[in-house]
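Examination of the molecular architecture
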Amino acid sequence: MKLLDGKEVKLKMLDDLKKDVDALDCKLGLTVIQVGEDSASTVYVGQKNKMASNMGFNFNHVKLSENVTEEEILTLINKLNNDDMVDGILVQMPIPHHLDAKKIQNAISPYKDVDGLTDINMGKLSHNVPSLVPCTPMGIVDLLDYYQIDIEGKNVVIVGRSDLVGKPLAALMINRNATVTLCHSKTKDLRHYTKNADILVAALGKAKTFKKEDIKEGSIIIDVGINRLEDGKLYGDVDFDDVKDRVSYITPVPGGVGQMTVAELGYNTYKAHMLRCNNK
Ligand code: NDP
């Protein structure tokens with residue numbers, strides 16, 4: 001078994017990116033909007049802030065009360081869309097239920113949509129047109145590429161069909177000529193699919209769901225899940241200790257996909273800047 005070390009790859013990627021960023025004659029700007037006080041969100045925004053500071057970006061953390069109105073957020077996004085100093089905008093999810101998350105995400109200019117979640121960027125991805133791609137799925141593909149794991153022709157099974165992870169990852173994998181199966185909570189006989197996966201991506205958000213009897217001998221396991229259990233520790237959706245002797249590669253949790261997600265945000269901010277420059 002070999003570990004797919006997201007931390008190592010992140011550091012390498014950000015090191016390379018820093019050279020490109022330093023070669024620009026301006027500072028990149030990244031704005032993260034957080035609504036309310038969700039504690040996990042505060043941790044994620046902190047990681048983004050750290051990455052942005054290390055990259056020398058202007059990082060703007062806009063904290064809004066959980067009672068903010070949709071109109072107030074839309075006005076703010078419109079202002080940021082028109083601010084030349086801002087290259088990337090993202091709204092940290094989840095947001096309170098009285099707000100329409102899709103409407104808010106789609107208000108972000110597709111050129112500044114560093115989460116890649118607007119309908120325009122999702123549509124481009126599914127048509128295999130260059131675009132800003134959601135960070136976690138892009139991180140998974142870059143991680144596999146770094147370890148020179150061929151995707152073409154592989155039987156890829158993704159468990160979880162969210163807009164953030166499963167759906168864009170399916171599109172990316174199809175674009176790379178994998179044969180893709182996208183499973184979800186209504187899938188019948190899930191094990192039938194997971195046992196036949198050359199690459200299994202677990203993104204359902206349920207700790208230690210997959211055990212050795214659910215996976216194929218010698219398969220590659222990408223564990224997206226981040227679940228905090230009663231012992232205070234983080235666990236993936238795969239039972240790492242149970243499967244580790246049966247797989248060829250596996251991502252640790254923490255230290256795997258999550259690390260890549262942060263690195264990709266740095267890349268998307270740079271890419272957004274270049275896209276906007278080229279469209280002026
Ligand atoms: P969502 O809750 O949005 O989606 C979960 C998906 O899993 C849904 O499609 C759901 O199916 C499916 N699902 C739930 N239970 C089962 C089951 N028993 N069998 C099969 N499918 C099931 O989650 P996210 O995609 O946002 O996140 C998933 C996990 O990944 C979470 O643990 C999250 O914390 C983590 N995450 C990690 C990131 C990282 O950087 N490492 C980034 C983003 C998320 P249905 O559609 O039918 O409801």
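Quick caveat: nothing in here was measured; it's all calculated off a predicted structure.

As a structural note, the neighbourhood of the ligand is formed by 21 residues, with Arg 161, Ser 162, Ser 185, Lys 206 and Thr 261 the closest of them. Within the side chain of Arg 161, a nitrogen or oxygen atom sits 2.7 Å from an oxygen atom of the ligand. One nitrogen or oxygen atom from the side chain of Ser 162 is found 2.5 Å from an oxygen atom belonging to the ligand. Surface burial for the ligand is 70%, taken as the share of its 930 Å² of free accessible area covered by protein chains. Partitioning the shell around the ligand into residue classes produces 9 nonpolar, 10 polar and 2 charged.

The next thing to look at is the sheet that holds strand β5 (residues 155-159). The strand order across the open sheet formed by 6 strands is β1-β11-β8-β7-β5-β6, and the pairing between neighbours is parallel. Sheet topology places β1 (2-3) and β6 (179-183) at the edges, where each strand pairs with a single neighbour.

With that settled, consider the pairing of strand β3 (residues 58-64). Where strand β2 (residues 29-35) meets β3, 7 bridges bridge the pair, whose relative direction is parallel. Across the sheet, Gln 34 pairs through a bridge with Lys 63, a residue of β3. Remark: the β2/helix α2 (residues 39-55)/β3 crossover connection has right-handed handedness.

This part covers the domain arrangement of the chain. When the parts of a complex come together, some accessible area is lost, and that lost area is often taken as the interface size. When cut into domains, the chain gives domain 1 (25-110) and domain 2 (135-257). On a C-alpha basis, the centroid separation for the pair domain 1 and domain 2 is 28 Å.

This paragraph deals with α2. With 17 residues, α2 should reach 24 Å at 1.5 Å per residue; the first-to-last C-alpha distance of 25 Å fits that figure. Every buried residue of α2 is listed here: Ser 41, Val 45, Lys 48, Met 51, Ala 52 and Met 55. Considered in projection along α2, the buried side chains sweep an arc of 120° and stay on one side of the axis. Exposed side chains of α2 directed beyond 90 degrees from the buried face belong to Ser 39, Lys 50 and Asn 54.

A few words on the environment of Leu 14. Here Leu 14 is to be found in helix α1 (residues 6-22). It is 8.1 Å that separates the C-alpha atoms of Leu 14 and Tyr 267, two residues lying 253 residues apart in sequence. Setting aside residues no more than four positions away along its own chain, Leu 14 makes contact with Met 51, Met 55 and Ala 263.

Here Asp 223 is to be found in strand β8 (residues 220-223). Among buried Asp, Glu, Lys and Arg side chains, Asp 223 stands out as unpaired, with Lys 208 the closest opposite charge at 10 Å. Polar contacts involving the side chain of Asp 223 include one to the main-chain amide nitrogen of Gly 225, which spans 3.3 Å. In this structure, Asp 223 is in contact with Ala 202, Gly 236, Asp 237, Val 238, Thr 251, Val 253 and Val 257, ignoring residues within four places of it in sequence.

Within a sheet, adjacent strands bond to each other through the backbone by hydrogen bonds, running parallel or antiparallel. Strand order in the open sheet formed by 3 strands is β3-β2-β4, and the pairing between neighbours is parallel. Each edge of the open sheet carries a strand with a single partner, namely β3 and β4 (88-91). Between one strand axis and the next, the sheet turns through 15° on average, direction left out of account.

Looking now at the nonpolar core. Judged by nonpolar contacts, the single largest core of 51 residues is most densely connected at Ile 140, Leu 144, Met 173 and Ile 222. Formed jointly, this core draws a minimum of three residues from each of two domains, domain 1 (25-110) and domain 2 (135-257). With residues up to four places along the chain from it excluded, the contact list for Leu 144 reads Ile 149, Ile 151, Met 173, Ile 199, Ile 220 and Ile 222. The next biggest cluster of nonpolar side chains, apart from the first, holds 16 residues, and it includes Leu 64, Leu 76, Ile 77 and Ile 89.

Looking now at the packing of aromatic side chains. This model, assessed by the stated rule, comprises 2 aromatic pairs. Their ring planes at 75° and their centres at 5.2 Å tell us that Tyr 146 and Tyr 147 sit as a pair that is edge-to-face. The ring of Tyr 235 is capped by Lys 208, whose NZ or CZ atom sits 4.5 Å from the centre of that ring.

Look at the link from Met 93 to Pro 94: it is a cis peptide, with omega at 0°. Locating Pro 94 in the fold gives a position in the loop between β4 and α4 (101-107). Between Val 253 and the following residue, Pro 254, the backbone shows a cis peptide bond with an omega angle of -5°. Positive phi values are uncommon outside glycine, yet Asn 128 reaches one of about 60°.

Quick notes on the rules
Residues numbered from 1 in each chain as written. Predicted model: local features only at pLDDT ≥ 70, side-chain atom pairs only at ≥ 80, totals over all residues. Heavy atoms only, no water. Near = heavy atom within 4 Å. Polar contact = N/O pair within 3.5 Å; in protein donor to acceptor, adjacent residues only side chain to side chain. Areas by Shrake-Rupley, 256 points an atom, 1.4 Å probe, with all protein chains shown as cover. Nonpolar A, V, L, I, M, F, W, Y, C, P; charged D, E, K, R; others polar. Pairing = 2+ DSSP bridges. Helix = DSSP H or I, 4+ residues; strand = E, 2+ residues; numbered from the N terminus. Right-handed = clockwise from strand over helix to strand, strands pointing away. Domains from an automatic or database assignment. Expected span 1.5 Å × (residues − 1). Buried < 20%, exposed > 50% of the residue type's maximum accessible area, 1.4 Å probe, protein only. Arc of directions from axis to C-beta. Contact = heavy atoms within 4.5 Å. Lys, Arg positive; Asp, Glu negative; His and termini not counted. Salt bridge = Lys/Arg side-chain N within 4 Å of Asp/Glu carboxyl O. Axes fitted to C-alpha atoms, helices over the stretch in contact; angles between N-to-C directions. Core = buried A, V, L, I, M, F, W, Y, C linked by side-chain atoms within 4.5 Å. Phe/Tyr/Trp six-rings, centres within 6.5 Å; stacked < 30°, edge-to-face > 60°. Lys NZ or Arg CZ within 6 Å of the ring centre and 35° of its normal.

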